[in-house]
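Coordinates in review
Next come the chains, spelled out residue by residue.
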Amino acid sequence: MKSKKGFCLLGALLTAMLLTGCAAQQRDTALWGQADATEVDVNTKVPGRLVELYVREGQAVHRGERLAQIDAREQDALTAAAKAKLEAAKAAAVQAKANLEQAQRDVNRYEQLFAQGAVSCESFENYRSRQQVLDAVYEQSLSTVQANEEALRQASLNLGETVIIAPFDGVVTTKYADCGAMISTGMPIVAVQDPLDNWVNFKVKETELGRYKLGDLVELIGRNDGLRLQGRIVDISQKPNFATYRATSERGDDTDIITFNVKVQVNDSRVRPGMRFRLETR
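Summarised in this report is the structure supplied together with it.

Calculation rules
Residues numbered from 1 in each chain as written. Predicted model: local features only at pLDDT ≥ 70, side-chain atom pairs only at ≥ 80, totals over all residues. Heavy atoms only, no water. Salt bridge = Lys/Arg side-chain N within 4 Å of Asp/Glu carboxyl O. Helix = DSSP H or I, 4+ residues; strand = E, 2+ residues; numbered from the N terminus. Buried < 20%, exposed > 50% of the residue type's maximum accessible area, 1.4 Å probe, protein only. Core = buried A, V, L, I, M, F, W, Y, C linked by side-chain atoms within 4.5 Å. Contact = heavy atoms within 4.5 Å. Expected span 1.5 Å × (residues − 1).

**Here we look at the pattern of salt bridges**
On inspection of all chains with the given rule, the structure shows nine salt bridges. Its salt-bridge partner being E161, residue K45 comes within 3.9 Å of it at the nearest N-O pair. Placement of the pair is K45 in the loop between β1 (32-43) and β2 (48-53) and E161 in the loop between α3 (121-160) and β5 (163-165), with a sequence separation of 116 residues. For R211, the salt bridge goes to E208, with nearest N and O atoms at 4.0 Å. Owing to a relative accessible area of 39%, R211 belongs among the partly exposed residues under this scheme. The exposure class assigned to E208 is partly exposed, which follows from its relative accessible area of 29%.

**Notes on the nonpolar core**
In this structure, F202, L220, V264 and F277 are the most contacted members of the largest nonpolar core, which totals 20 residues. For this core, the secondary-structure elements that each account for two or more residues are β8 (188-205), β9 (217-222), β10 (228-245), β11 (257-265) and β12 (276-279). Look past the residues within four positions of F277 in its chain and what remains in contact with it is L31, W32, G33, A35, V200, F202, L220, I221, G222, L227, L229 and V271. Grouped together as the second largest cluster of nonpolar side chains are 17 residues, V55, V61, V172 and I183 included.

**Describing the environment of A82**
Take A82: it is sitting in helix α2 (residues 73-115). With relative accessibility at 9%, the residue A82 sits in the buried group. Sequence spacing of A82 and L152 is 70 residues, and the spatial spacing of their C-alpha atoms is 5.1 Å. Excluding residues within four positions of it along the chain, A82 makes contact with A151, L152 and A155.

**Some points on α2**
The end-to-end C-alpha distance of α2 is 63 Å, a good match for the 63 Å that 43 residues give at a rise of 1.5 Å each. Within α2 the residues assigned to the buried category are Q75, T79, A82, L86, A89, A93, A96, L100, A103, D106, V107 and Y110. Those residues of α2 that are buried lie in contact with α3. Positive phi appears at G117, one or two residues downstream of α2, with a value of about 80°.

Structure (structure tokens):
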């Protein structure tokens, strides 16, 4: 009786070990991936002092919403100076045109006088040379006006760049600077993340790559089993990842297996970068 009972206990123990081993093996072979999302550092194209910061980390923002303000006084002054230079260039162009028109009238008149023999050829050539010089001066004045118009346009753009706005609807994830800080060109002020543009990257062995096709719908399960998502495969990388599965056979019968990245787009607000998901096996 004892022998039979012991045999039953041994059988139950072996069954439990077998089931545990199978479960462990299933966990080991599960394909896990890591989530990522679109996130941009919002910076400024003009230097200056940060005088206002309208948002905080974790705040939702809408596209075009003001995030920060750079001191605009310097850009105001540069814009005013550009306007003044443009007005002066336009006035000079008007005067140059008037001088050219007068020179053209003089050439026409002296050409008739020269034809009648009333003036010498030298006098006529002097007026024609003066007209040619004034023509070049006028052309140069037009180029100067155009250059100053471009300078004013750029100054106006720079003035607009002192207002930092959100590039899209999203959430402020990082604040890089505080009010009063001097901001240089290209320095990030805040980071904004798009909560509806996210995906999960999976490293798939080359031996299993054929199981996945572009456009396939797949099921994803988070570490919390209650978080289940559906995504679509939007990219299967052409280049391998650096990570490989190393051969373990001492005889050298096996070879290293490289992996390729499979990107599954989910676009779910519950997904945050860094979260881990398991790809539901088919």
